[in-house]
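# Inside the fold
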Amino acid sequence: MSALAVNNSPFHLLLHDIGQELKFSDVRYMKYLLQGHVNKETLEHLDSGQELTELLRKRGLVSEKKLAFMRKLLIEAKCLKQVNLVDEFREKFTSITIISERQQSQQASRLNNRRETLLRMIERLENEIRTCEDAETEITNQIKECEVQIQANNENLVIVEETIQNLKTNIVEYETEIESFVRKLETVRFFLKKRQVEIDKIKQKLEENSSSASIKRDLKEKTRGVRKIEKG
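Residues numbered from 1 in each chain as written. Predicted model: local features only at pLDDT ≥ 70, side-chain atom pairs only at ≥ 80, totals over all residues. Heavy atoms only, no water.

The protein chain has the name DED domain-containing protein in an unreviewed UniProt entry, where Desmophyllum pertusum is given as its organism.

Our next topic: a negative patch on the surface. Together, Glu133, Asp134, Glu136 and Glu138 line one region of the surface with negative charge. With respect to the secondary-structure elements, glutamate 136 resides in helix 6 (residues 80-231). (Patch = residues over 30% accessible without salt bridge, like charges linked within 9 Å, V, L, I, M, F, W, Y side chains within 5 Å. Areas by Shrake-Rupley, 256 points an atom, 1.4 Å probe, with all protein chains shown as cover. Salt bridge = Lys/Arg side-chain N within 4 Å of Asp/Glu carboxyl O. Lys, Arg positive; Asp, Glu negative; His and termini not counted. Charge placed at Lys NZ, Arg CZ, Asp CG, Glu CD. Helix = DSSP H or I, 4+ residues; strand = E, 2+ residues; numbered from the N terminus.)

Attention shifts here to the confidence of the model for the protein chain. Scored by pLDDT, the protein chain has a mean of 82; 89% of the residues are at 70 or more. Looking across the protein chain, the model is least confident in helix 6, with a mean pLDDT of 79, and most confident in helix 5 (residues 68-76), with 93. Note on residues 1-6: pLDDT under 50 across the span, and eight contacts to partners over four residues away in sequence or across chains. (pLDDT = per-residue confidence, 0-100. Contact = heavy atoms within 4.5 Å.)

Let's shift gears to the side chain of lysine 31. Mapping lysine 31 onto the fold places it in helix 2 (residues 24-33). Within the buried set, lysine 31 has no salt-bridge partner at all; the shortest N-O distance to an opposite charge, 5.5 Å, is to aspartate 47. What lysine 31 contacts, discounting residues up to four positions off in sequence, is Leu43, Glu44, Leu46 and Leu52. (Buried < 20%, exposed > 50% of the residue type's maximum accessible area, 1.4 Å probe, protein only.)

Moving on: the pattern of salt bridges. Across all of its chains, the model carries four salt bridges by this definition. Where arginine 71 meets aspartate 87, a salt bridge forms, and the shortest distance between an N and an O atom there is 2.6 Å. Of this pair, arginine 71 sits in helix 5 while aspartate 87 sits in helix 6; the two residues are 16 residues apart in sequence, bridging distant segments of the chain. Assessed through its relative accessible area of 26%, arginine 71 is described here as partly exposed. With a relative accessible area of 21%, aspartate 87 lands in the partly exposed category.

Looking now at the nonpolar core. Of all hydrophobic cores here, the largest spans 27 residues; its most connected members are Leu56, Leu67, Met70 and Leu74. At the level of elements, helix 1 (10-21), helix 2, helix 4 (49-58), helix 5 and helix 6 are the ones that each hand at least two residues to this core. Other than its neighbours up to four places away in sequence, methionine 70 contacts Leu15, Ile18, Leu56, Val62 and Val86. (Core = buried A, V, L, I, M, F, W, Y, C linked by side-chain atoms within 4.5 Å.)

What follows is about helix 4. Counting buried positions over the 10 residues of helix 4 gives seven, a clear majority of the element. Among all positions of helix 4, only Gly49, Glu51, Leu52, Thr53, Glu54, Leu55 and Leu56 are buried. At its buried positions, helix 4 is contacted by helix 1, helix 2, helix 3 (40-44) and helix 5. Downstream of helix 4 by a residue or two, glycine 60 has a phi angle that is positive, lying close to 80°.

Looking now at a nonpolar patch on the surface. Taken together, the side chains of Leu118, Leu119, Met121 and Ile122 define a hydrophobic patch exposed on the protein surface, amounting to about 340 Å² of accessible area. Residue position: leucine 119 is located in helix 6. Leucine 119 gets classed as partly exposed once you look at its relative accessible area, which sits at 41%.

Have a look at this one:
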């Protein structure tokens, strides 16, 4: 079997170190212990400890969190040095796992706090958006009401303008009629003045006639007196 490449992760280094420390007799005995877990043909092709540990890894019989099976094999094969390597790795891995879990817990807590903060911010923003939408709806309704009122005012303004125009037309007509009446009145005044002059002349003549009639009456009376005197 071809040589296996060594991975740099702690677990792969552990498998490499264990495989390298296994003697041929240890590998042969462990191949016997693996009967029932791995088929015979595969076991027959195992020639080294590194191939054996790699096989255990590939078959899922061993992993970073599952070392009990390999530890049991090493104990039964009396490979105590390799058992110590497993135990040391488990202690280190447990410590790293605890630290990692603590860090993950802290990180999860921070992420949860950030998530809650973001959720509160989102909720606040949603409330503000709803408030803005409500305000926008109210403003839109007010604008529509104003537009309706403006339209009504425009219609009323048109009616008022028509009324004003009619009034102006009526005023012009009335002014024309008044001018006509004034001209007629002036004509009447002229004729009245002319009649008044004629009347004054007639009055004067009447007065003159009245004076002459009075003189005539006096003369008649004097004539009668003279006649009476003559008769007497």
